[in-house]
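# Tertiary structure, described
Each chain, written out:
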Amino acid sequence: MKNFISTTIAVFLVMIPSLLAGQEIGVPLRFDSYYTYEQVIEAMQALNRSYPQLTTLEVVGKSEENRDIYALTINNSKTGEPLTKPGVYVDGNIHGNEIQAGEVCLYLANRLLTRYGELDDITSVVDRNVFYIIPVVNVDGRVHFFEDPNTPSSNRGLRRLKDDDRDGLFDEDFPDDLDGDGSITTMRKRDPFGKLKTDPEDSRLMIPVKPGEMGEWTILGSEGIDNDGDGLINEDAEGYVDGNRNWGYNWAPPYVQSGAGDYPFSSRETGSIGRWMLERPNIVMVFAFHNNGGMFLRGPAIKAAGEFPAGDIEVYDYLGKNSEKIVPGYRYLVGWKDLYSTYGDFADFCDNLLGSYSFVGELFQVETETFDGTLFKSSEGGGIFGSSNEQDRERLKYNDHVTQGELYKEWTPYNHPDYGEIEIGGWVKMSSRLPHPFMLQDLVHRNASAVIFAAQQTPDITMEVFEKEKIGKDVYRLRVRLVNSNAMPSVLYQTIEHNLYPKDIITVSGTSAKVVTGGKIVDIYRDRVEYKEHKPEVQFCQVPGFGKVEYQFLVSGRGKVEIKHDSRKAGTRSVTVELK
Amino acid sequence: MRITNLIKPLPVLITGLLIASIAWGYPACGISDYTDASGVNRKLNQLQAGNSSISRIHELAVTPGGTGMLMLEIGTEVGSGDKTKPAILVVGNMSGNRPVTTEAAMNLAERVIADPDKYSGYTWYIIPLGNPDASTTFFAPVKFSSVRNFSPFNDDMDELTDEDGYDDLDGDGFITGIRVKAPDGEWITLDSDPRLLRKADAAKGEKGIYKIYDEGIDNDGDGRYNEDGRGGTDVNLNFPHLFKHFTPTGGLFAGSSPEAFSIIEFAFKHPELAMVFAFGETNFLLTPPKGGRQGSVDMEKISIPEEIGKAMGFDADRTYSMKEIIEKVQPMVPPGMQIDEGMIASFLGLGAVVNPMKEDLDFYNRISEEYRKYLEEKGVKEERFDPGSARDGSFELWAYYHLGLPVFSLDIWGLPKVKEDKKEASGISAESIGKMSADDFLALGKDKIDLFLKETGAPAQYSSDMIIGAVKTGQLTPVQISGMLKQMPAPRGEEGKGDPREVAMLAFWSQYRADSGFVNWKEYDHPDLGIVEIGGFIPFLENTPPAAIVDSLLNLQVPYLFELIKMLPALKISDTEVTAMGGGVYQVEAWIENENYLPFSTAMGLRNKVPAPAIISLEGGDFTLLSGKIRTPMPGLGGLKSVKHTWLIQSDKTTTLTIMLNSSRAGSDSKQVKIGG
């Protein structure tokens, strides 16, 4: 009984913060702070409740720690079933710390639903497309990022246990929040033999000593102690399986690709989402949001894969260059070439095995953190990893005057069990890779707009019989035109090159009619047709972006003849003509 | 003809084939001698039921065709979550078209389960049939060799899936071939045996007569024959080492088939796995895994691309060792981030290891020599065709490269070679020439050299005169000639003799079957092709021995696994020593020994860091550790090698501490040492 009472009290105590924080999440959603995992679900449920006709909420799978991974599908069933429409898939937060990606997804859903019927451009994409939205892929990661102390970059991987230091114990030496401020910052120690000294321009920063000069500081790494007593600090934290290296295309083992996981789809998150996506072969456009750097990255993710076919690059260029304008400062880049090679990459999986155009959106540019609001431009040319001192000085001014010190923890003395007297300080968890909430609205709106722009470019195909001519006794010549008014073709060039699945199918049928011959018109003025030798009533085609294809059929017989076009990415349509 | 696309033959020993007089009754009665998928599952369940305390059935996967792929676990630790004894994973017939390899795995299971000596020290995980769907075509009323499970696959990218498979037009129960005279025919019959065909050589004035097809009609009317039969994935191509995307039978991605995925998943959940064995297409005991392939990056000589080099201060004109790169990059990354090989390898796109590690080839070659000796002792004399090479994406290569375990395999039977008529033979081989001096070679004389060049099918420009001249002037050495000859493809269809493999098929099967395993060509009125002839080799005969000799094959080969098991690494603490250094400081030493031949962790396992290290730990006692660790991982220890681990401790009291050695795949041990007193 005593137990029961104390449990009840404990449960109640746990509930208090959520009750306090818990003004119910309403629609339209707000984007002036970050949603916790539970709040992301509440927000999705709120959207689903408010728009039951347009949305479906489902659990795609479970995480390693058994949390639900939710997907919100936006589809207007009055305009057709989801699989008959070009699918746009958007996800975020596959890396646990990259949380604003979840907000972009939620904002997109919120925008599409709350402005449906109000703004023609929104109404049109909602009616014509289906949107599959998974705001948080690494649900465990989001929870741990909010609840646990972290650096801006830690807690990225999936929560699949891994013995990083190979001592037979799993995930036993995490960083530790020694100063109890909720962030894992940096430890430094006064050391006359150190390689760093105090930056004369901002005493919080350190700069390298010159040769021969005595030093002041040695950096001891991330905040933490040697939890397992093996002489190493923070050497076996969560995982590490990187959700974005565990997919089934060009996967390579961990000795080749760090974070790959033991085998493709070894994690529950990638496995369940991968299966779910393959069950939706209509997906033609994919956005996966990450942070940071301000980039729209396309594949290939590894050099050895070779470049995409020219036709696909044209589409990517069109989308990418427009996205650069929609989100100022962001750059459209190629994964392996402009960044680095990644095996088992999600976008590669989508490009190659799902047959969809795919962008990784790297959200947020730390360059926006300036005192005067202009984009920071380095005169030193910065380091490869992290920001340079010059940039950090500017960011500290921004921290001091624009965020009132919210982003930086001042150096504070601490007595460390191994190192003795040290100082702890530096950029806090909610800094460096995340926009301050006051800048969040702009980020989510512009990036969601890039998605909507791409949705507007998914294939939109019309079919007409533009000529019907009797050319003999009971023989008719039918000419069919398929026109695509958008940038994306009805099937990717790469899909065709790889024989991933059959091209679009045109079938001509009639109960009293027979197709004598038929084929693609290559020169309409000279009546040159590539006749298909066998089964002319079935033709395979691709309708190019901003283009057309024309087919000719010689049909004998009479009565109604139906011509049908069936495309995995662009739905089906048919036209009926009467032979007479 | 399906038989033509087989592997190039090379001479190796044939596993003991006693000429049996009993014909393989295939198809009439002998089928019952091989076990189909339901029979395998029934037998496994029976075996388990009869030995329930030491065995357990696991249904690892259900195939796309709906059959359970079962695994029999045998050992004294069944049911226990944490296994302490080394385990052997055995898989049979992953490609599905080699019924004899299923028999071998079943036979092994029976031997193990009947003998406590075989299972008391080990756990056995045996999957006798890794590709149940594909295996069905051997037992079906119409037989054809297939490696595909029943996941649908649209081979011809048309509007239908799995719509145009083979058709048994002549109703004999076999899918054989069709030959039809055609103006664009490329094939002609052999003079020596008009049943067999070879390609006409226009350069020699030969004109082709026949076109050939597999037996069947154009079911879907698209002008092609049998281009989209039932099924999709060859399970034995669906594993992640060098998996190839977009092949007809590989599957969509590595592990896309439930069969392969379940095995991969199982293996990574079982750190006690110490060895992997495959009864299948390869025979690593006869022919160790091959090296010499382009593509592996030398970890001592890594080039850095210019753009990366510039940004990070590397010189694009020289190479770096992995260690140098890590040392250089580590200071550039944010504090707390630990750079490892994998990060560098992926950042630079170095790619996968494609050749077996040299140290591993050493034990492979040695074990192969032993095995050949064993066969010789057992009286195996005949030469057989070479077993297949392991294919990219295969189970065997994945187990070696990704699990980092020693992997062995047997294909149980290979077609015996036809004995050459020795009368005219030169008696020389490329091998023997390689050992000759120039004088020895010239002493052979022109006639012998002529005969030899003819035997090897050397191109016409290599006349005996030319070669003798070159050797005399020193332009060519016998070693070089030997090397050149070894590079040449084995003679095929030379002098109208036909494919040696086909000739050997007829020769072998004539001992067992009145039809020699060949359906004679018979006229047939084909709906699409008109008058054709149907005939050719009966499916499966190239890799499936007559049922009558299966027992002797299994008795010869299967027990050899127990020899291999004896070589598995076994770790123990062989000795300990405590030295008082004064002031309460003691040096504690422990010798760790690998008592057996195989290394603890293959070289590949050390590279990929998948096999868990053994952990040496200090437990109990009251002391302060001055140097060394409480838990020390030991990733590797060579076969028959010892290594010393040392700790420095301080204790003012008399105390006893325990040195523990733990490895789930190489045994555990502990020793107590006394400090002070």
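The numbering scheme is per chain: residues are counted from 1 as the chain's sequence reads. Here every chain gets a letter starting at A, and every ligand a number starting at 1, in the order they are written. Per-residue local features are limited, in this predicted model, to residues with pLDDT of at least 70; the limit for side-chain atom pairs, both in listing and counting, is 80 or more; totals at the level of whole chains, interfaces and linings are taken over all residues. The basis for every side-chain value is the complete set of non-hydrogen atoms in the structure, without hydrogens or water.

## Topic: the nonpolar core
Counting 118 residues, the largest nonpolar core has Leu108(B), Trp124(B), Ile263(B), Phe279(B), Phe395(B) and Trp398(B) as the members making the most contacts within it. Residue types Ala, Val, Leu, Ile, Met, Phe, Trp, Tyr and Cys, when buried and joined through side-chain atoms within 4.5 Å, form a set referred to as a nonpolar core. Classification of residues uses two cut-offs on accessible area relative to the type maximum, computed with a 1.4 Å probe and protein chains only: under 20% is buried, over 50% is exposed, and between them is partly exposed. Val139(A), Trp247(A), Leu319(A) and Val444(A) belong to the second largest nonpolar core, which has 103 residues in total.

## Considerations on the domain arrangement of chain B
Taken domain by domain, chain B holds domain 1 (2-143 + 233-292 + 356-415 + 544-564), domain 2 (156-219 + 515-541), domain 3 (302-347), domain 4 (430-491) and domain 5 (569-675). Residue ranges for the domains trace back to a domain assignment, done automatically or taken from a database. A straight line from the C-alpha centre of domain 2 of chain B to that of domain 3 of chain B covers 58 Å.

## A closer look at the domain arrangement of chain A
How big an interface is tends to be reported as the loss of accessible area on association of its parts. All names here are of chain A. What the domain assignment reports for chain A is domain 1 (30-145 + 241-366 + 436-454) and domain 2 (461-579). Computed over C-alpha atoms, the centres of domain 1 and domain 2 are 34 Å apart. Across the contact, 26 residues belong to domain 1 and 17 residues belong to domain 2. The buried area of a pairing is the accessible area, by a 1.4 Å probe, that goes missing from both parts when the two are put together, added over both. Between domain 1 and domain 2, a total of about 1,600 Å² is buried, with carbon and sulfur atoms accounting for 61% of that surface. Contact between two residues is taken to exist if any of their heavy atoms lie within 4.5 Å; hydrogens are not considered.

## Details of the pattern of salt bridges
Residue and element names in this part refer to chain A. Think of a salt bridge as a Lys or Arg side-chain nitrogen and an Asp or Glu carboxyl oxygen that are within 4 Å of each other. Counting across every chain of the model gives 61 salt bridges over all chains. Between Glu213 and Lys197 there is a salt bridge, and its shortest N-O distance comes to 3.0 Å. Placement of the pair is Glu213 in the loop between β7 (206-208) and β8 (217-222) and Lys197 in strand β6 (residues 196-198), with a sequence separation of 16 residues. The closest approach of N and O atoms between Arg446 and Asp442, which form a salt bridge, is 3.6 Å. Placement of the pair is Arg446 and Asp442 together in helix α11 (residues 437-456), with a separation of four residues, close to one helical turn. Through salt bridges with shared partners, one network takes in Glu98, Arg156, Asp242, Arg245 and Arg433. Counting from the N terminus, the helices are DSSP H or I runs at least four residues long and the strands are E runs at least two residues long.

## Things to note about the packing of helix α7 (residues 310-326) of chain A against α11(A)
Residue and element names in this part refer to chain A. In the contact formed by α7 and α11, the axes pass within 9 Å of each other and the chain directions differ by 150 degrees. By the angle class used here, α7 and α11 are roughly antiparallel. Helix-helix and strand crossings are classified by hand; for α7 and α11 the assignment is right-handed. Of the residues in α11, those in contact with Tyr318, Leu319, Asn322, Ser323, Lys325 and Ile326 of α7 are Arg446, Ser449, Ala450, Phe453 and Ala454. Across the contact of α7 with α11, the residue classes tally to six nonpolar, three polar and two charged. Between N-to-C directions, angles cover 0 to 180 degrees, with each direction set by a line fitted to C-alpha atoms, over the stretch in contact for helices. The labels follow the angle: roughly parallel below 35 degrees, roughly antiparallel above 145, roughly perpendicular from 65 to 115, and oblique for the rest. Here a crossing is taken to be left-handed if its near helix is turned anticlockwise relative to the far helix by less than a right angle, and right-handed if that turn runs clockwise. Residues are sorted three ways: Asp, Glu, Lys and Arg are charged, Ala, Val, Leu, Ile, Met, Phe, Trp, Tyr, Cys and Pro are nonpolar, and all the rest, Gly among them, are polar.

## What to know about unusual backbone geometry
All names here are of chain A. Between Val27 and the following residue, Pro28, the backbone shows a cis peptide bond with an omega angle of 0 degrees. Looking at the secondary structure, you find Pro28 in the loop between α1 (2-21) and α2 (37-50). Looking along the chain, the bond that leaves Asn291 and enters Asn292 is cis, with omega of 5 degrees. On the secondary structure map, Asn292 appears in the loop between β9 (283-291) and β10 (295-298). One non-glycine residue, Phe546, lies in the positive phi region at around 45 degrees.

## Observations regarding the interface of chain B and chain A
Taken together, the contact pairs 51 residues of chain B with 43 residues of chain A. Across the interface of chain B and chain A, roughly 3,900 Å² is buried in total on both sides, 67% from carbon and sulfur atoms. Three residues, Met157(B), Glu159(B) and Phe246(B), lead the burial of chain B against chain A; their summed loss comes to 17% of the area buried on that side. Summed over the shared surface of chain B and chain A, the number is one salt bridge. Among the salt bridges present, the one from Glu159(B) reaches Lys535(A), with a minimum N-O distance of 2.6 Å. Throughout this description, a polar contact denotes any pair of N or O atoms lying within 3.5 Å of each other; where both atoms belong to protein, one of them has to be capable of donating a hydrogen while the other can accept it, and for residues adjacent in sequence the pair is counted only when both atoms sit in side chains. There are seven residue pairs in polar contact (both at pLDDT 80 or more) connecting chain B and chain A.

## Things to note about the state of the cysteines
Residue and element names in this part refer to chain A. The criterion for a disulfide is a pair of cysteine sulfur atoms lying within 2.5 Å. Inspection of every chain in the model, using the stated rule, returns zero disulfides over all chains. Cys105 supplies the cysteine sulfur nearest to Cys350, a cysteine that is in no disulfide, at a spacing of 13 Å. Taking relative accessible area as the criterion, Cys350 reaches 0% and is therefore assigned buried.

## Some points on the side chain of Arg393(A)
Residue and element names in this part refer to chain A. Within the element layout of this structure, Arg393 appears in helix α10 (residues 389-401). Classification of Arg393 as buried rests on a relative accessible area of 17%. In contact with Arg393, other than residues within four places in its own chain, are Asp199, Glu201, Asp202, Leu205 and Ile207.

## Brief notes about the sheet that holds strand β3 (residues 87-92) of chain A
Residue and element names in this part refer to chain A. Only strands joined by at least two bridges in the DSSP assignment are considered to pair. Taken together, the eight strands give an open sheet; going across it, the order is β1-β2-β4-β3-β9-β12-β10-β11, and neighbouring strands pair in mixed fashion. Pairing within the sheet leaves two strands with one partner each, and these edge strands are β1 (55-62) and β11 (331-334). Sheet twist, expressed as the mean angle between neighbouring strand axes with direction ignored, is 20 degrees. Together, β1, β2 (68-74) and β4 (130-134) form the strand contacts of α2, whose direction differs from that of β2 by roughly 30 degrees. The sheet strands contacting α11 are β3, β4, β9, β10 and β12 (357-363), and the helix crosses β9 at an angle near 160 degrees.

## Observations regarding the packing of aromatic side chains
How two aromatic rings sit relative to each other is given by the distance of their centres and the angle of their planes. Any two of the Phe, Tyr and Trp rings considered here, Trp counted by its six-membered ring, make a pair once their centres fall within 6.5 Å; the pair's planes then place it as stacked at under 30 degrees, edge-to-face at over 60, or tilted in between. Within the structure shown, the criterion is met by 53 aromatic pairs over all chains. Note on Tyr371(B) and Tyr560(B): the rings are 4.8 Å apart at their centroids and 70 degrees apart in plane angle, and the pair reads as edge-to-face. Taken together, the residues span a long stretch of sequence, with Tyr371(B) in helix α9 (residues 358-377) and Tyr560(B) in helix α18 (residues 560-566) at a distance of 189 residues. Of the two residues examined, Tyr371(B) and Tyr560(B), each falls in the buried class. With centroids separated by 5.9 Å and ring planes inclined at 45 degrees, the aromatic side chains of Phe395(B) and Trp398(B) adopt a geometry described as tilted. Note that Phe395(B) and Trp398(B) are positioned in helix α10 (residues 395-403) at a spacing of three residues, about one turn of the helix. By way of ring pairs, the aromatic residues Phe287(A), Phe289(A), Phe296(A), Phe308(A), Tyr316(A), Tyr330(A), Tyr332(A), Tyr357(A) and Phe359(A) are connected into one cluster. The ring of Phe562(B) has Lys118(B) sitting right over it, with the charged end atom 4.7 Å from the ring centre. Throughout this description, the term charge over a ring refers to an Arg CZ or Lys NZ atom that lies within 6 Å of the ring centre and within 35 degrees of the ring normal. When the ring centre of Phe314(B) is taken as reference, the NZ or CZ atom of Lys328(B) above it lies at 5.5 Å.

## Considering the side chain of Gln457(A)
Relative to the assigned elements, Gln457(A) resides in the loop between α11 and β15 (461-472). Not counting chain neighbours up to four residues away, the residues in contact with Gln457(A) comprise Tyr318(A), Leu319(A), Asn486(A), Ala487(A), Met488(A) and Phe546(A).

## Let's talk about the pairing of strand β13 (residues 408-416) of chain A
Residue and element names in this part refer to chain A. The pairing of β13 with strand β14 (residues 420-427) spans seven bridges and is classified as antiparallel. Note on β14: the bridge partner recorded for Thr412 is Ile424. Where β13 folds back on β14, the antiparallel hairpin that results is connected by three residues.

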